[in-house]
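# Per-entry structural report
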Amino acid sequence: MKFFLDTANLDQIRAARDLGVLDGVTTNPSLVAKEGREFRPLITEICSIVPGPVSAEVVSVTADEMMKEARELATLAPNVVVKLPTIPEGVKALKRCVDEQIKVNMTLIFQPAQALIVAKVGATFCSPFLGRLDDICHDGMALIHEIRQIYDNYAFDCQVLAASLRHPLHVVEAAKAGADVGTMPYDVFRKLLDHPLTTIGLERFLADWKKLDPKR
Ligand code: E4P
């Protein structure tokens, strides 16, 4: 499974990149607004730090307006992926983006039929939001399983991007369900490496090693 960071924060993106396992970044209007910086220069900077796909979301709600934004965002860097909302106008814009060879991540997916449609039209990524389904007492992980099955049945190229991951178990379960990508906040990403027995084990190894020669 590829690891994407779900943030527009440059320090977090650099820190994750330095660990050597960062495959891409997803942003959304709420995450960009938190940074208090101009949108386009921020996306350009993120794209220069991360070699993989960087999703940048449009904020229009008509296909024509979305296309204006999509074309502009696609010129910022070769690794920009335009993020479109999964609404009828977004699907229309997706078709036009596919015709113009602009890569698209279809966002705000909450049921399998939406995922089927965006794959048929040619999205590069589909983003089901697990955590937000869990928040309203629906089974977010079941959606990943359903989409995986549908995409495998028809050999769709569209990558399942498990989004709205809230804790390490979501990441592990999404990997078990066959998600192609998991996008997560930095604190979830960082927690993936933590285990108290790892910390205690290392402390003991180092303490025992020191006993060999007290001057070490
Ligand atoms: C994905 O692309 C979204 O930006 C994100 O995963 C949403 O997560 P949230 O539900 O925690 O805001």
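Read on for an overview of the structure. (Residues numbered from 1 in each chain as written. Predicted model: local features only at pLDDT ≥ 70, side-chain atom pairs only at ≥ 80, totals over all residues. Heavy atoms only, no water.)

We now examine the site of the ligand. Looking at the ligand, the residues that line it are Asp6, Thr26, Asn28, Lys83, Phe129, Arg132, Ala163, Ser164 and Arg166. One of the side-chain nitrogen or oxygen atoms of Asn28 is found 2.7 Å away from an oxygen atom of the ligand. One of the side-chain N or O atoms of Arg166 is found 3.0 Å from an oxygen atom in the ligand. If the ligand stood free it would expose 350 Å²; the protein chains cover 86% of that surface. One can see that the ligand is located within the largest pocket. Here the shell around the ligand is composed, by residue class, of 2 nonpolar, 3 polar and 4 charged. (Near = heavy atom within 4 Å. Polar contact = N/O pair within 3.5 Å; in protein donor to acceptor, adjacent residues only side chain to side chain. Areas by Shrake-Rupley, 256 points an atom, 1.4 Å probe, with all protein chains shown as cover. 1 Å grid on protein atoms, 1.4 Å probe; cavity = no way out; pocket = protein on both sides within 12 Å on 5 of 7 lines; lining within 4 Å. Sits in = over half its atoms within 2 Å of the grid points. Nonpolar A, V, L, I, M, F, W, Y, C, P; charged D, E, K, R; others polar.)

Phi angles above zero are rare outside glycine, and Ala155 is one such case at about 50°. Within the fold, Ala155 resides in the loop between helix 8 (140-153) and strand 7 (159-162). Here the phi dihedral of Ser164 falls at roughly 60°; this positive angle occurs in a residue that is not glycine. The residue Ser164 is located in the loop between strand 7 and helix 9 (168-176) in this model. Since its relative accessible area comes to 9%, Ser164 is described here as buried. (Helix = DSSP H or I, 4+ residues; strand = E, 2+ residues; numbered from the N terminus. Buried < 20%, exposed > 50% of the residue type's maximum accessible area, 1.4 Å probe, protein only.)

Secondary-structure assignment places Gln159 in strand 7. Residue classification places Gln159 among the buried positions, given a relative accessible area of 18%. Residues contacting Gln159, with those up to four places away along its chain left out, are Lys2, Thr124, Phe125, Cys126, Asp180 and Val181. (Contact = heavy atoms within 4.5 Å.)

To continue, consider the pattern of salt bridges. Per the stated rule, a full pass over the model turns up 18 salt bridges. One salt bridge in this structure joins Arg71 and Glu100, with 2.8 Å as the shortest N-O distance. On the criterion of sequence distance, the pair formed by Arg71 in helix 4 (residues 63-74) and Glu100 in the loop between helix 5 (88-99) and strand 5 (104-109) is long-range, its members being 29 residues apart. On the basis of relative accessibility, which here comes to 36%, the residue Glu100 falls in the partly exposed class. Between Asp99 and Lys95 there is a salt bridge, with its nearest N and O atoms 2.8 Å apart. In this pair, Asp99 and Lys95 both sit in helix 5, 4 residues apart, roughly one turn of the helix. For Asp99, a relative accessible area of 52% puts it in the exposed group. Members of the salt-bridge network, linked through shared partners, are Asp11, Arg14, Arg37 and Glu45. (Salt bridge = Lys/Arg side-chain N within 4 Å of Asp/Glu carboxyl O.)

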